Amino acid sequence: MEYNGNPSEKAIPAGELDRRHVGHSVSFQPNDFTVVFGTIAGIARTEALVYLSLDGVSGGTHLKDEYDLPIDKNVYLQLDPLGSAEKGISEAASFVKDKLDEITKNLRDRDAGKSE
């Protein structure tokens, strides 16, 4: 199995996780057979490893809530929904403005053609 996140997630190396990421939803593949989804409860790190403590993962017979990952191992964080929405709205507003400018230009050109 090769887990590569999904479009609503951003890949970052585990070594880039810091206190800002506590409370964020995360997913990753710690081994060839498991994909983990949870909420970061705590982060500790050494020069070679990042230790993640997760909420919402333990409780099953094979599930654990602590993982040690190499610093270069990709983890996938949920994108900020507000930031994504803001970008989408900005792109839509730009598109609408361009269309309105095009319509205005076409109307002016048409009116200029009638007066000649």
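Refer to the structure presented above.
Residues numbered from 1 in each chain as written. Predicted model: local features only at pLDDT ≥ 70, side-chain atom pairs only at ≥ 80, totals over all residues. Heavy atoms only, no water.

Visitor: Mind showing me how you'd approach the overall build of the protein here?
Guide: Within the protein, the secondary structure is distributed over 1 helix and 6 strands. Taken from N to C terminus, the helices and strands of the protein fall in the order β-β-β-β-β-β-α. For the protein, with 116 residues in total, the buried portion stands at 20%. Contacts spanning at least 24 positions in sequence make up 50% of the contacts within the protein whose residues lie at least 6 apart. Carbon and sulfur atoms provide 54% of the accessible area of the protein, an area that totals close to 8,300 Å². (Helix = DSSP H or I, 4+ residues; strand = E, 2+ residues; numbered from the N terminus. Buried < 20%, exposed > 50% of the residue type's maximum accessible area, 1.4 Å probe, protein only. Contact = heavy atoms within 4.5 Å. Areas by Shrake-Rupley, 256 points an atom, 1.4 Å probe, with all protein chains shown as cover.)

Visitor: Explain the sheet that holds strand β4 (residues 49-55) here, please?
Guide: Note on sheets: strands pair through backbone hydrogen bonds, and any given pair is parallel or antiparallel. Taken in spatial order, the 6 strands of this open sheet run β1-β6-β2-β3-β4-β5, and their pairing is antiparallel. The sheet is open, and its two borders are formed by β1 (9-13) and β5 (66-70), each paired with just one other strand. This sheet shows a mean twist of 45° between the axes of neighbouring strands, independent of strand direction. Both strand β2 (residues 25-31) and strand β6 (residues 74-78) contribute to a ladder of 2 bridges, which runs antiparallel. Looking across to β6, one finds that Ser27 is bridged to Tyr76. (Pairing = 2+ DSSP bridges. Axes fitted to C-alpha atoms, helices over the stretch in contact; angles between N-to-C directions.)

Visitor: What am I meant to see in the pattern of salt bridges here?
Guide: Following the criterion strictly, the structure yields 4 salt bridges and no others. The shortest N-O distance in the salt bridge between Asp18 and Arg20 comes to 3.0 Å. Between Asp109 and Lys105 there is a salt bridge; the shortest N-O distance is 2.9 Å. Of this pair, Asp109 and Lys105 both sit in helix α1 (residues 81-115), 4 residues apart, which is roughly one turn of that helix. (Salt bridge = Lys/Arg side-chain N within 4 Å of Asp/Glu carboxyl O.)

Visitor: Explain the pairing of strand β3 (residues 34-45) to me, please; I cannot follow it from the model alone.
Guide: A regular strand carries its side chains on alternate faces of the sheet. Bridge analysis of β2 against β3 gives 5 bridges, and the strand direction is antiparallel. If you follow Ser27 over to β3, its bridge partner there is Phe37. Connecting β2 to the next strand, β3, in antiparallel fashion are 2 residues. Of the strand pairs in this sheet, β3 and β4 are connected by 6 bridges, and their pairing is antiparallel.

Visitor: Please clarify how the nonpolar core should be interpreted in this entry.
Guide: The tendency in soluble globular proteins is for nonpolar side chains to be buried as a group. Ranked by size, the top nonpolar core spans 15 residues in total, and within it Leu17, Val26, Phe28, Leu52, Leu54 and Val75 carry the most contacts. Going through the elements one at a time, β2, β3, β4, β5 and β6 are the ones with two or more residues in this core. Here this core takes 3 residues from β4, the largest share from any one element. (Core = buried A, V, L, I, M, F, W, Y, C linked by side-chain atoms within 4.5 Å.)

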